[in-house]
Amino acid sequence: NAGVTQTPKFQVLKTGQSMTLQCAQDMNHNSMYWYRQDPGMGLRLIYYSASEGTTDKGEVPNGYNVSRLNKREFSLRLESAAPSQTSVYFCASRGSGTGWNYGYTFGSGTRLTVV
Amino acid sequence: AQSVTQLDSQVPVFEEAPVELRCNYSSSVSVYLFWYVQYPNQGLQLLLKYLSGSTLVKGINGFEAEFNKSQTSFHLRKPSVHISDTAEYFCAVSDRGGSYIPTFGRGTSLIVHP
């Protein structure tokens with residue numbers, strides 16, 4: 001089925017380790033987003049890419065970097081993980097133009113624990 | 001800047017009873033409004049949206065929401081809930097031009113009891 005695929009689904013890191021969360025969409029969407037979800041906090045935007053070749057900071061970018069590898073893929077990197085980065089991470093994409101339903105398509109999430 | 005307030009963090013209800021999940025927003029510009037649903041261990045799915053026109057919008061699974069501009073509200077309703085409606089519900093608002101990036105509320109956990 002078409003959609004947004006995130007890998008891995010689960011990850012445990014030690015403080016100071018690095019890792020990259022992968023996201024790929026097969027809907028030919030221009031825009032892609034990374035959110036984190038914490039209990040009672042809703043979803044907070046980390047970074048987004050409005051189109052291939054561009055990236056911008058969201059509400060909570062500190063401690064993260066992103067790469068828009070191509071139109072399909074948008075990765076999120078933690079260079080030196082901290083316990084405060086324990087969260088569920090969601091990648092999302094959206095279309096544009098004719099036929100766009102103004103909604104976002106979300107992946108199923110990556111549950112990250114930093115110990 | 002825009003913001004969203006979901007007034008209830010948790011709403012318990014019995015099966016087949018009606019339910020209303022409340023959402024208020026603030027924005028200095030015209031907005032689009034959304035409700036998303038998140039089932040356990042899944043991503044968010046679009047439930048319904050208000051873009052323009054009729055203030056009563058219908059979504060999937062029998063849910064509907066009413067846009068009230070004067071009260072800046074977009075409450076979600078269902079006349080009779082099912083066990084399978086147990087989920088987290090998020091209200092979101094986005095501006096009508098430019099980035100379209102939504103701001104999400106903190107979520108309301110709907111718990112349906114048999």
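Residues numbered from 1 in each chain as written. Chains lettered and ligands numbered in written order. Predicted model: local features only at pLDDT ≥ 70, side-chain atom pairs only at ≥ 80, totals over all residues. Heavy atoms only, no water.

1. So, the overall build of chain B
Then step 1. Secondary structure summary: chain B contains zero helices and 12 strands in total.
Then step 2. Seen in sequence order, chain B has helices and strands lined up from the N terminus as β-β-β-β-β-β-β-β-β-β-β-β.
Then step 3. Rg of the C-alpha trace for chain B: 14 Å, near the compact-globule value of 13 Å for 114 residues, within the 12% margin.
Then step 4. Summarising its shape, the C-alpha atoms of chain B cover approximately 45 × 30 × 20 Å along the three principal directions. (Helix = DSSP H or I, 4+ residues; strand = E, 2+ residues; numbered from the N terminus. Rg over C-alpha atoms; globule rule 2.2 N^0.38 Å.)

2. What about the sheet that holds strand β8 (residues 74-78) of chain A?
Residue and element names in this part refer to chain A.
Then step 1. Reading across the sheet, the four strands line up as β1-β3-β8-β7 and stay open at both edges, with antiparallel pairing between neighbours. Taken across any chain shown, the strands that pair with only one partner, and hence form the sheet edges, are β1 (4-7) and β7 (64-68). Ignoring strand direction, the axes of neighbouring strands in this sheet form an average angle of 20°. (Pairing = 2+ DSSP bridges. Axes fitted to C-alpha atoms, helices over the stretch in contact; angles between N-to-C directions.)

3. A look at the packing of aromatic side chains
Then step 1. Following the criterion strictly, the structure yields 12 aromatic pairs over all chains and no others.
Then step 2. When the centroid spacing of 5.7 Å and the interplanar angle of 55° are considered together, the rings of Tyr36 of chain B and Phe104 of chain B count as tilted. Pair noted here: Tyr36 of chain B is in strand β5 (residues 31-38) and Phe104 of chain B is in strand β11 (residues 103-104), with a separation of 68 residues, a long-range link.
Then step 3. For Tyr36 of chain B, a relative accessible area of 1% puts it in the buried group.
Then step 4. Put simply, the rings of Tyr35 and Phe106 of chain A together with Phe34, Tyr36 and Phe104 of chain B pair up and form one aromatic cluster. (Phe/Tyr/Trp six-rings, centres within 6.5 Å; stacked < 30°, edge-to-face > 60°. Buried < 20%, exposed > 50% of the residue type's maximum accessible area, 1.4 Å probe, protein only.)

4. Let's talk about the confidence of the model for chain A
Then step 1. Here chain A shows a mean pLDDT of 92. Residues at 70 or above account for 97%.
Then step 2. Here strand β10 (residues 105-106) of chain A stands out as the least confident element of chain A, with mean pLDDT 92; β8 of chain A is the most confident, with 98. (pLDDT = per-residue confidence, 0-100.)

5. Quick word on the pairing of strand β4 (residues 23-26) of chain B
Residues and elements named next belong to chain B.
Then step 1. Residues Cys23 and Tyr25 of β4 are buried on one face, while the alternating residues Asn24 and Ser26, pointing to the opposite face, are not.
Then step 2. Bridge analysis of strand β1 (residues 3-6) against β4 gives four bridges, and the strand direction is antiparallel. Across the sheet, residue Thr5 finds its bridge partner in β4, namely Asn24.

6. Things to note about the environment of Ala17 of chain B
Residue and element names in this part refer to chain B.
Then step 1. Turning to its location among the elements, Ala17 is positioned in the loop between β2 (10-14) and β3 (19-21).
Then step 2. Taking the C-alpha atoms as reference points, Ala17 and Ser80, 63 residues apart in sequence, are found 4.9 Å from one another.
Then step 3. Those residues in contact with Ala17 that sit more than four places away from it in its chain are Lys78, Pro79, Ser80 and Val81. (Contact = heavy atoms within 4.5 Å.)

7. Considerations on the pattern of salt bridges
Residue and element names in this part refer to chain B.
Then step 1. Under the criterion given, the structure shown has eight salt bridges over all chains.
Then step 2. A salt bridge links Lys58 to Glu64, with the nearest nitrogen and oxygen atoms 2.9 Å apart.
Then step 3. Of the residues examined, Glu64 reaches a relative accessible area of 22% and is grouped as partly exposed.
Then step 4. Across the pair Glu66 and Arg77 runs a salt bridge whose closest N-O atoms are separated by 3.5 Å. On the criterion of sequence distance, the pair formed by Glu66 in strand β8 (residues 64-68) and Arg77 in strand β9 (residues 73-78) is long-range, its members being 11 residues apart.
Then step 5. With relative accessibility at 33%, the residue Glu66 sits in the partly exposed group.
Then step 6. A relative accessible area of 28% means that Arg77 is categorised as partly exposed. (Salt bridge = Lys/Arg side-chain N within 4 Å of Asp/Glu carboxyl O.)

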